[in-house]
Amino acid sequence: MSVNLQKAEPIPASARAAIEEMLQSGDLFRYTAKENAPVTLLEQEFAEMMGSRFALAVASCSAALFLTLQALDLKPNAKVIIPGFTFAAVPSAVVHANCQPVLVEVGDNFRMDMADFEAKLTDEIGAVIVSHMRGHTSDMDTILRLCADRNIPVIEDAAHSLGTTWNGQKIGTMGLVGCFSFQSYKLVNGGEGGILITDDEEIIAKTVIMSGAYENNWQKHGCDTNSFARFQNQVPLYNTRMNNLSATVIRPQLEHVPSRAENGLRNHDHLAARLNNHPSLHVPPPLPGEHRAPDSIQFLLNGMSDTQAQALMAISANAGLPIQIFGQHTENARVFWNWQFIKDLPELPQTRAMLMRACDLRLPASLSLSDVDLIGDAILASVDQARGEKAA
Ligand SMILES: *Cc1c(COP(=O)(O)O)cnc(C)c1O
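The structure displayed is predicted, hence computed values, not measured ones.

Some words on the overall build of the protein chain
Here is step 1: Scanning the protein chain from N- to C-terminus turns up 13 helices and 14 strands.
Here is step 2: By the compact-globule yardstick of 21 Å for 392 residues, the protein chain fits well, its C-alpha radius of gyration being 21 Å.
Here is step 3: Structurally, the protein chain occupies a C-alpha span of about 70 × 55 × 35 Å along its principal axes.
Here is step 4: Taking all 392 residues of the protein chain together, 56% fall into the buried category.
Here is step 5: Partitioning the contacts of the protein chain with sequence separation of at least 6, the portion at a separation of at least 24 is 72%.
Here is step 6: As presented, the protein chain carries roughly 16200 Å² of accessible surface, and 48% of it is formed by carbon and sulfur atoms.
Here is step 7: Computing the positive centroid from 30 side-chain charges and the negative centroid from 43, the protein chain places the two 2 Å apart.

What to know about the sheet that holds strand 10 (residues 281-282)
Hydrogen bonding along the main chain pairs the strands of a sheet, whether they run parallel or antiparallel.
Here is step 1: Here we have 4 strands laid out as an open sheet, ordered 10-12-14-13, and antiparallel in their pairing. This sheet does not close on itself; its edge strands, each paired only once, are strand 10 and strand 13 (324-325).
Here is step 2: As paired elements, strand 13 and strand 14 (residues 358-362) share 2 bridges and run antiparallel to each other. For Ile325, the partnering residue across the bridge sits in strand 14 and is Cys359.
Here is step 3: Against the sheet, helix 10 (residues 257-276) makes contact with strand 10 and strand 12 (296-301), and its axis sits at roughly 15° relative to strand 12, the strand it touches most.

Details of the environment of Ile375
Here is step 1: Looking at the secondary structure, you find Ile375 in helix 13 (residues 369-387).
Here is step 2: Along the primary structure Ile375 and Pro346 are separated by 29 residues, whereas in three dimensions their C-alpha atoms are 37 Å apart.

Quick word on the pairing of strand 5 (residues 154-157)
Here is step 1: Burial along strand 5 is two-sided: Val154 and Glu156 facing one way and Ile155 and Asp157 facing the other are all buried.
Here is step 2: Taken together, the 4 bridges between strand 4 (residues 125-131) and strand 5 define a ladder with parallel strand orientation. Each residue of the ladder has a partner; that of Ser131, found in strand 5, is Asp157.
Here is step 3: Of the strand pairs in this sheet, strand 5 and strand 8 (residues 177-181) are connected by 3 bridges, and their pairing is parallel. Bridge assignment links Asp157 to a residue of strand 8, and that residue is Cys179.

A word on the sheet that holds strand 9 (residues 194-198)
Here is step 1: Across the sheet, which stays open at both edges, the 7 strands sit in the order 1-9-8-5-4-2-3 with mixed pairing between neighbours. The outermost strands of the open sheet, each flanked by one partner alone, are strand 1 (54-58) and strand 3 (100-104). The average angle at which neighbouring strand axes cross in this sheet is 20°, direction not considered.
Here is step 2: Bridge analysis of strand 1 against strand 9 gives 5 bridges, and the strand direction is antiparallel. Note that in strand 9 the partner of Leu56 across the bridge is Leu196.
Here is step 3: Of the strands in this sheet, strand 1, strand 8 and strand 9 touch helix 2 (residues 38-50), which is tilted by about 135° from strand 1.
Here is step 4: Those strands touched by helix 7 (residues 201-212) are strand 1, strand 8 and strand 9, and its axis lies near 20° from that of strand 1.

Topic: the pattern of salt bridges
Between side chains of opposite charge, a pair can form as their charged atoms come close.
Here is step 1: Tallied over the full model, the rule gives 17 salt bridges.
Here is step 2: When the shortest N-O distance is used, the salt bridge between Lys206 and Glu202 registers 3.8 Å. With Lys206 and Glu202 both in helix 7 and 4 residues apart, this pair spans about one turn of that helix.
Here is step 3: Since its relative accessible area comes to 6%, Lys206 is described here as buried.
Here is step 4: Of the charged contacts in the structure, one is a salt bridge between Asp306 and Arg357, with a shortest N-O distance of 2.8 Å. Taken as a pair, Asp306 in helix 11 (residues 306-318) and Arg357 in the loop between helix 12 (349-355) and strand 14 lie far apart in primary sequence, 51 residues in all.
Here is step 5: Look at Asp306 and you get partly exposed, because its relative accessible area is 40%.
Here is step 6: In this structure, a network of salt bridges that share partners links the residues Asp73, Glu202, Lys206 and Arg230.

Rules behind the numbers
- Each residue is numbered by its place in its chain's sequence as written, counting from 1.
- Selection of residues for local features in this predicted model requires a pLDDT of at least 70, selection of side-chain atom pairs for listing and counting requires 80 or more, and totals for whole chains, interfaces and linings are taken over all residues.
- Hydrogen atoms and water are omitted, and side-chain values are computed over all heavy atoms in the structure.
- We count a stretch as a helix when DSSP gives it H or I for four or more residues in a row; a strand needs E for two or more, and each element gets its number in order from the N terminus.
- C-alpha atoms define the radius of gyration, and 2.2 Å times the number of residues to the power 0.38 defines the globule rule.
- Here's how the labels work: a residue is buried when its accessible area is under 20% of the maximum for its type, exposed when over 50%, partly exposed in between, all with a 1.4 Å probe on protein chains only.
- Residue contacts are defined here by distance: any two heavy atoms, one from each residue, within 4.5 Å place the two residues in contact.
- Calculation of accessible area relied on Shrake-Rupley with a 1.4 Å probe; when residues are assessed, cover is drawn exclusively from the protein chains displayed.
- Charged residues are defined here as Lys and Arg on the positive side and Asp and Glu on the negative side; His and the ends of the chain fall outside this count.
- Where a charge lies is defined by one atom per residue type, namely NZ (Lys), CZ (Arg), CG (Asp) and CD (Glu).
- Here the rule is simple: two strands pair whenever DSSP picks up at least two bridges between them.
- Orientation is described by axes fitted as lines to C-alpha atoms, over the contacting stretch for helices, and by angles from 0 to 180 degrees between their N-to-C directions.
- Throughout this description, the term salt bridge denotes a Lys or Arg side-chain nitrogen within 4 Å of a carboxyl oxygen of Asp or Glu.

These figures capture arrangement, not role.
Structure representation (structure tokens):
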């Protein structure tokens, strides 16, 4: 198999001159310049692209989630709802913020189970993090309605959802705060990095200062609000800023978000249609109202045993196209039973059953349809060979 699935999104050639200039000047720290530092420009451009009032660029999406929780001023050990299927960095951010994660069941469609969500949305819940894992959007209408009724803030972990919309509205703009990632395997590749967006003056003032805007450096953010002076020296500095070089690599990629999102969806849907023709494979459809921007594909194995699932991982790896099955690895950071740093880690039978049969494959947005066809051939051949293994 000659298609490279680990390929990250390319850095546009238009970034090279600005990067070279940055290296010549050595001006990598966002607060050296009085104004218009690349990080500040990235924040302004990102906020404008999303239609939000404010943006804050930081070291990672995890840092954005952590700062947001800190800014909410929850009681110590407050309970925070997260889905039972997400990346380990999400419950980690909750624990880091001195809160207790409450895990909600995730269904066979990779989205939060709304009955379990509602049952767990008790008076004790201080906040909800909707992690749109692998870009799968949970039912935002129901989540926002239930949380508004109870006055519970909703944080969107949109790390993998840049370009996704819900009833025409951009994912990440529907909750109080939306957090995104620029880690290399997301739609915009900064190596590392994250950004949060919000319309809330108090949240932006606190998170900007906590991200490391010591002394009067918040003045260099160009945010149109008087809230900053209130919080200066009143909140701790966690120093998790973005540097100018990262912003210089990221900025020229923003204009490519729509085309990358469109290519990603075309590739995904083309492959999904082929896989759905196979009796053992199922790619769940999007929810009504959801318009996706995927750079990976997830599909379920129907009527295959653990032995056959294990065989599929080995056979596909041998064929040069390693299919991961979340729950069949001992070390996968996306399965809840490996989050052993959580106190009283619960059991989620429905999520576990899904994870034991859910396959995961990167599908970089830059692939051509003929690449995707080769991938489809390889998957189908591996599945047929694995089904020939004796079911144990
Ligand atoms: C990548 C990812 C994160 C973590 O992002 P970082 O920028 O690496 O901290 C969190 N949540 C989801 C759903 C992700 O895909």
